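# Fold and geometry: a report
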Amino acid sequence: MSTGSGGLSIGDVAEATGMSVHALRFFEREGLFLRPIPRSGGGHRVYEAADVEWLLLCDRFRASGMPIATIRRFAELVRSGPGNEQDRLALLRDHERSVRARIAELTACLEVIRGKVVAYEEHVREGTAAGVWAPTPSP
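Residues numbered from 1 in each chain as written. Predicted model: local features only at pLDDT ≥ 70, side-chain atom pairs only at ≥ 80, totals over all residues. Heavy atoms only, no water.

## Comments concerning the packing of helix α3 (residues 49–63) against helix α4 (residues 68–79)
Remark: α3 packs on α4, axes separated minimally by 10 Å, with the N-to-C direction vectors making an angle of 145°. Considering only the axes of α3 and α4, their crossing is right-handed. Each of Trp54, Cys58, Phe61 and Arg62 in α3 lies in contact with α4, whose residues at this interface are Ile68, Ile71, Phe74, Ala75 and Val78. Residue classes in the contact of α3 with α4 are distributed as eight nonpolar, no polar and one charged. (Axes fitted to C-alpha atoms, helices over the stretch in contact; angles between N-to-C directions. Helix = DSSP H or I, 4+ residues; strand = E, 2+ residues; numbered from the N terminus. Left-handed = near helix turned anticlockwise from the far one by under 90°. Contact = heavy atoms within 4.5 Å. Nonpolar A, V, L, I, M, F, W, Y, C, P; charged D, E, K, R; others polar.)

## A closer look at the pattern of salt bridges
Within this structure, the stated rule accounts for six salt bridges. Here Arg45 and Glu28 are joined by a salt bridge, their closest N and O atoms 2.5 Å apart. Taken as a pair, Arg45 in the loop between α2 (21–29) and α3 and Glu28 in helix α2 lie far apart in primary sequence, 17 residues in all. Residue Arg45 is classed as buried on the basis of its relative accessible area of 16%. Note on Glu28: relative accessible area 23%, which makes it partly exposed. Notably, a salt bridge pairs Arg73 with Glu76, separated by 3.7 Å at the nearest N-O pair. (Salt bridge = Lys/Arg side-chain N within 4 Å of Asp/Glu carboxyl O. Buried < 20%, exposed > 50% of the residue type's maximum accessible area, 1.4 Å probe, protein only.)

## Structural notes on the nonpolar core
Counting 22 residues, the largest nonpolar core has Val13, Leu24, Phe27, Phe33, Tyr47, Leu55 and Ile71 as the members making the most contacts within it. Of all elements in the fold, only α1 (10–17), α2, α3 and α4 reach the threshold of two or more residues within this core. Residues in contact with Leu24, not counting those within four places in the same chain, are Ile10, Val13, Ala14, Thr17, Met19, Phe33, Tyr47 and Leu55. (Core = buried A, V, L, I, M, F, W, Y, C linked by side-chain atoms within 4.5 Å.)

## Looking at the packing of aromatic side chains
By convention here, two paired aromatic rings are described through the distance between centres and the angle between planes. Taken as a whole and assessed by the stated rule, the structure comprises four aromatic pairs. Aromatic side chains Phe33 and Tyr47 sit 5.9 Å apart centroid to centroid with 40° between the ring planes, which places their arrangement in the tilted category. With Phe33 in the loop between α2 and α3 and Tyr47 in the loop between α2 and α3, this pair connects stretches of sequence that are 14 residues apart. Side by side, Phe33 and Tyr47 carry an identical accessibility label, which is buried. (Phe/Tyr/Trp six-rings, centres within 6.5 Å; stacked < 30°, edge-to-face > 60°.)

## What to know about helix α5 (residues 85–126)
Here α5 spans 60 Å end to end across 42 residues, near enough to the 62 Å set by a 1.5 Å rise per residue. The positive-phi residue at the C-terminal boundary of α5 is Gly127, with phi of around 75°. (Expected span 1.5 Å × (residues − 1).)

This is the structure in structure tokens:
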């Protein structure tokens, strides 16, 4: 539902981003938007397409494990305008390193799990699965 002023309602933004209305209000309270979200004459929030794009980026940041405080800091840097691009880049590089480390850790976990899957598939196929890693009582 449009706000009638050409902007997007909170319901529109929730649908476009997959975020709940509660999450959108949280983002606003936490100062995570790049601008103050204006209100219509009736008091309803009026969003723009750029707000949706920003929210989708923030959602990727969150999904990748970026803390809210770091997203807030990034938003502060963007809001303050040109001249702090090195700070923004440093923040993004730090997060990229963190995500790459998590991916490496998950890849190592996946390799172990894959090995177990292969072993169990072999035991099931050969009919030798009974007793594989069966708990035994302590002596």
